[in-house]
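One-letter residues, chain by chain:
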Amino acid sequence: MKYYLCKYIPPRTDFLATMTADEKDWMKQHGAFLDDLLEKGQIVAHGPVMDPSGGYGVSLYQIADDLDIGAITSEDPIVKHGAGHYEHHPMLHLKARG
């Protein structure tokens, strides 16, 4: 298994407060995409971080060795619509409750 902390970087620092109607729709799709990966066991946890200097999203991934984290996150609807990107940070291991 491989483990990653993935940080979703929105297109602007005030993104959560200034989303357009389209961006709000894409964010709903983004949430559904992440929830699906959570149910499949590829994501251990995900959620928004309310950083005063600009919010962002964090996801903890646990994926099979033959999967590519960049290929997975590139399928996120918010990224496919050009509204932000991901940083991928490999982890040596990941321990979680349950």
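Values in this document were obtained by computation on a predicted structure and should not be read as measured data.

Parameters and conventions
- Residues numbered from 1 in each chain as written.
- Predicted model: local features only at pLDDT ≥ 70, side-chain atom pairs only at ≥ 80, totals over all residues.
- Heavy atoms only, no water.
- Helix = DSSP H or I, 4+ residues; strand = E, 2+ residues; numbered from the N terminus.
- Rg over C-alpha atoms; globule rule 2.2 N^0.38 Å.
- Buried < 20%, exposed > 50% of the residue type's maximum accessible area, 1.4 Å probe, protein only.
- Contact = heavy atoms within 4.5 Å.
- Lys, Arg positive; Asp, Glu negative; His and termini not counted.
- Charge placed at Lys NZ, Arg CZ, Asp CG, Glu CD.
- Pairing = 2+ DSSP bridges.
- Axes fitted to C-alpha atoms, helices over the stretch in contact; angles between N-to-C directions.
- Expected span 1.5 Å × (residues − 1).

Draft legend 1. Quick look at the overall build of the protein chain. Counting its regular elements, the protein chain contains 4 helices and 4 strands. Sequence-ordered secondary structure for the protein chain, helices as α and strands as β, is β-α-α-β-β-α-α-β. A compact globule built from 98 residues should have a C-alpha radius of gyration of about 13 Å, and the protein chain, at 13 Å, falls within 12% of that. Counting the 98 residues in the protein chain, one finds 33% classified as buried. Residue pairs at least 24 apart in sequence account for 64% of intrachain contacts in the protein chain once pairs closer than 6 positions are excluded. Here the protein chain holds 9 positive side-chain charges and 14 negative ones, and the gap between their average locations is 4 Å.

Draft legend 2. Local environment of the sheet that holds strand β1 (residues 2–9). Read across the open sheet, the 4 strands follow the order β2-β3-β1-β4; overall the sheet is antiparallel. Whereas interior strands pair on both sides, the edge strands pair on one side only; in this sheet they are β2 (43–49) and β4 (85–91). Between one strand axis and the next, the sheet turns through 15 degrees on average, direction left out of account. Packing against the sheet, helix α2 (residues 21–40) makes contact with β2, β3 (56–63) and β4, and its axis sits at approximately 155 degrees to β2.

Draft legend 3. Up close: α2. Spanning 20 residues, α2 covers 29 Å between terminal C-alpha atoms, matching the ideal 28 Å at 1.5 Å per step. Here the buried face of α2 lies against α1 (15–18), β2, β3, α3 (69–73), α4 (77–80) and β4.

Draft legend 4. Spatial organisation of the side chain of serine 59. In this fold, serine 59 is placed in strand β3. Take serine 59: its relative accessible area is 2%, and that puts it in the buried class. Aside from chain neighbours lying at most four places away, what touches serine 59 is Tyr4, Leu5, Cys6, Leu34, Ile43, Ala45 and His46.

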